[in-house]
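# Fold and geometry: a report
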Amino acid sequence: MPWSLAHAGSALLFVAASLLPGARPSGSAEGVRFGEWSLLAPLEASARDDEAHLFTAIGAGPEHLAANGPGVDFARKVPGKGGSVAAWRTLEADDQDAIDIASLVVPEGQAAPAPCDDALAYLTRRLEVDADQQLTVWFGSDDGLRVWLDGRLVHEVDVPRMVVAGEDRVALQLTRGVHHLLCEVKNIAGGWGFSMIHDAQRLDRDRLALEAEVNAAIDRGVAWLLRAQEIDGSWAHEAAQFRNGQTALALYTLVKSGLDKGHPAVVRGMTFLRAQA
């Protein structure tokens, strides 16, 4: 059977249609359950100079942060920036992946956000792990960032920057049980934010972007097939001797791509095929 542009276009469109959403991996990492983020801010930037004192001050000493330990003492209130009092707060579900810290920093007893320049914020969450594994996570921060897993420093960046989701890749070695993630975000000036996604979320986002490209390609292919239909309802092109087969393939592709079976092009094509029987 001679190959033609019509065959190529229909075949490519059929492949694209087969890539439409179907079974997809979950957005959660397999065997890992993430607790909600809790936030403590704003603290003076100078607090970061003594790590041991810092952990004790924010209620996150080694005995709290060890694997299978109780985690941070959320009842503890600490001296905040500018003489304020900082207390831990649990963030809403919508704040879990990308966190605008500046908009959330309202010290106890105040109605408006506190000054954010030259300040620190701490975020912590629990990870419940079903089996030993390596989990890849991706961080972004404005500005500097330090990350501890079970009280052990696993990542540090100390540069002025904006939040770019997925900028820093960190592999976390996890064993079965409960783990504690603690993140310090240092703001130099201006915006103040943080983001974290894990591998499954990153793959889902890449897949969503690919899905959008595939859908756009399908739309272009459908438009091309509709323009190429003959007046009698068939698709002929160069290989007129295979007109029935080409018409059937084009109709199948159009319907598979979401075109309604009552669309005039589908009706004309089916009428043509029935007339050939």
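Structure first, text after, so check above.
Residues numbered from 1 in each chain as written. Predicted model: local features only at pLDDT ≥ 70, side-chain atom pairs only at ≥ 80, totals over all residues. Heavy atoms only, no water.

So, about the overall build of the chain. Looking only at helices and strands, one finds 7 helices and 13 strands in the chain. When the 277 residues of the chain are sorted by exposure, 44% land in the buried category. Partitioning the intrachain contacts of the chain with sequence separation of at least 6 by distance along the chain shows that 75% fall at a separation of at least 24. Working note: accessible area of the chain is about 14000 Å², and carbon and sulfur atoms make up 56% of it. (Helix = DSSP H or I, 4+ residues; strand = E, 2+ residues; numbered from the N terminus. Buried < 20%, exposed > 50% of the residue type's maximum accessible area, 1.4 Å probe, protein only. Contact = heavy atoms within 4.5 Å. Areas by Shrake-Rupley, 256 points an atom, 1.4 Å probe, with all protein chains shown as cover.)

Below, the discussion takes up the pattern of salt bridges. Per the stated rule, a full pass over the model turns up 9 salt bridges. Here Asp158 and Lys186 are joined by a salt bridge, their closest N and O atoms 3.9 Å apart. Highlighted residues: Asp158 in the loop between β10 (152-157) and β11 (168-174) and Lys186 in strand β12 (residues 177-187), separated in sequence by 28 residues. The class for Asp158 is partly exposed, based on a relative accessible area of 46%. Taking the shortest distance from any N to any O, the salt bridge between Glu167 and Arg161 comes out at 3.5 Å. What makes Glu167 partly exposed here is its relative accessible area of 40%. Owing to a relative accessible area of 12%, Arg161 belongs among the buried residues under this scheme. Look at the salt bridges and you will find they share partners, linking Arg33, Arg126, Glu128 and Asp130 into a network. (Salt bridge = Lys/Arg side-chain N within 4 Å of Asp/Glu carboxyl O.)

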